[in-house]
Amino acid sequence: MRRLIVANYKMNGDKKLFASIIKKINKLKVMDTKIVLCPPFVYLDEFKIKNKFVSLGCQDITIQDNSKSTGQISPKMLAEFQVKYVIVGHSERRKLGETDAQINEKVKICLNNDLLPIICVGEEKKSDKLDLVLCQVERALENTSKDNTPIIAYEPVWAIGTGKIPEPSRIDRMSEKIRAKIKDLGYQNCIVLYGGSVNKDNFSEIARSKIDGLLLGGVSLKIDEFIAIVKGIDNE
Ligand code: 13P
């Protein structure tokens, strides 16, 4: 099965680090894994990707679709850099006040502009009801064409950057619930990723869960570990 591995560099990295990452990524050979790299906007131009297994993504998109949007980035600008994927609704943006309605707008803007949204969902605390996550999925996808294959990244907020990961059975349960919800909503297929404190020591246990891939944060910056994870997943 083809797996998807997404690197979210968040607000990290610099020209020198990204140059070394790109050098190694361009030489990387995989058989059955797709890789998406999501740098901060200002570094998109550094990502001259020459590897057919690797695509470029970014970490957000603007809602306004007009020229009166100081500080925003339009889909047309992203297209100039060959951006194909957009992380939407990351919990670190939800914390800044991004609402389900805005996330839904962003998903629609992506889809109307040939960009694939990677929709992040996840409960705040381990004790939270998991059905909250399904509401996030439903609201993000409201009024979008059923011909799309939604990409959902299940990222429990309590697992992000904490070194804590859910038991694989919890990831399985969530992934099954998300797939069932998406089917109920009328979509034929979906791609479910897991994100939150994945590293070289725990990725193979996580990858045995019923997920289609990973959304990696901190470990994306350590290129040798990142490549070890990609290769490990590719060989499974
Ligand atoms: P960490 O892998 O650093 O926990 O971050 C996960 C994440 O937020 C990816 O979007």
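Further up the page is the structure itself.
Analysis parameters
- Residues numbered from 1 in each chain as written.
- Predicted model: local features only at pLDDT ≥ 70, side-chain atom pairs only at ≥ 80, totals over all residues.
- Heavy atoms only, no water.
- Buried < 20%, exposed > 50% of the residue type's maximum accessible area, 1.4 Å probe, protein only.
- Helix = DSSP H or I, 4+ residues; strand = E, 2+ residues; numbered from the N terminus.
- Pairing = 2+ DSSP bridges.
- Near = heavy atom within 4 Å.
- Polar contact = N/O pair within 3.5 Å; in protein donor to acceptor, adjacent residues only side chain to side chain.
- Areas by Shrake-Rupley, 256 points an atom, 1.4 Å probe, with all protein chains shown as cover.
- Salt bridge = Lys/Arg side-chain N within 4 Å of Asp/Glu carboxyl O.
- Axes fitted to C-alpha atoms, helices over the stretch in contact; angles between N-to-C directions.
- Left-handed = near helix turned anticlockwise from the far one by under 90°.
- Contact = heavy atoms within 4.5 Å.
- Nonpolar A, V, L, I, M, F, W, Y, C, P; charged D, E, K, R; others polar.

Student: I tried to follow the pairing of strand S7 (residues 191-195) on my own but got confused; where do I start?
Tutor: Two faces belong to every sheet, and in a regular strand the side chains alternate between them. Within S7, four of the five residues are buried, which leaves the element mostly enclosed by the surrounding structure. Sheet topology places strand S6 (residues 151-154) next to S7; four bridges connect them, and they run parallel. In the strand pairing of S7, Ala153 is matched with Leu193.

Student: Can you help me understand the site of the ligand in this one?
Tutor: Around the ligand lies a shell formed by Asn8, Lys10, His90, Glu155, Ile160, Gly161, Gly196, Ser197, Leu215, Gly217 and Gly218. Between Ser197 and the ligand, the recorded distance is 2.8 Å, taken from a backbone N or O atom to an oxygen atom. In the model, an oxygen atom of the ligand is placed 3.0 Å from a nitrogen or oxygen of the Gly217 main chain. For the ligand, the accessible surface in isolation is 310 Å², of which the surrounding protein chains cover 94%.

Student: Could you clarify how one ought to interpret the pattern of salt bridges in this entry?
Tutor: A side chain with one charge can pair with a side chain of the opposite charge if their charged atoms come near. On inspection of all chains with the given rule, the structure shows 18 salt bridges. The network of salt bridges with shared partners includes Asp60, Arg93, Glu98 and Lys106.

Student: Please explain the packing of helix H5 (residues 131-141) against helix H6 (residues 168-184) as it appears in this structure.
Tutor: Helix-helix packing is described using two parameters, namely the angle between the two axes and the distance between the axes. H6 packs onto H5 with a crossing angle of 35° between their chain directions and a minimal axis gap of 10 Å. The element H5 and its partner H6 pack so that their crossing is right-handed. Contact residues: H5 offers Asp131, Val133, Leu134, Val137, Glu138 and Leu141, while H6 offers Met174, Lys177, Ile178, Lys181 and Ile182. Taken together, the residues of the contact of H5 with H6 break down into seven nonpolar, no polar and four charged.

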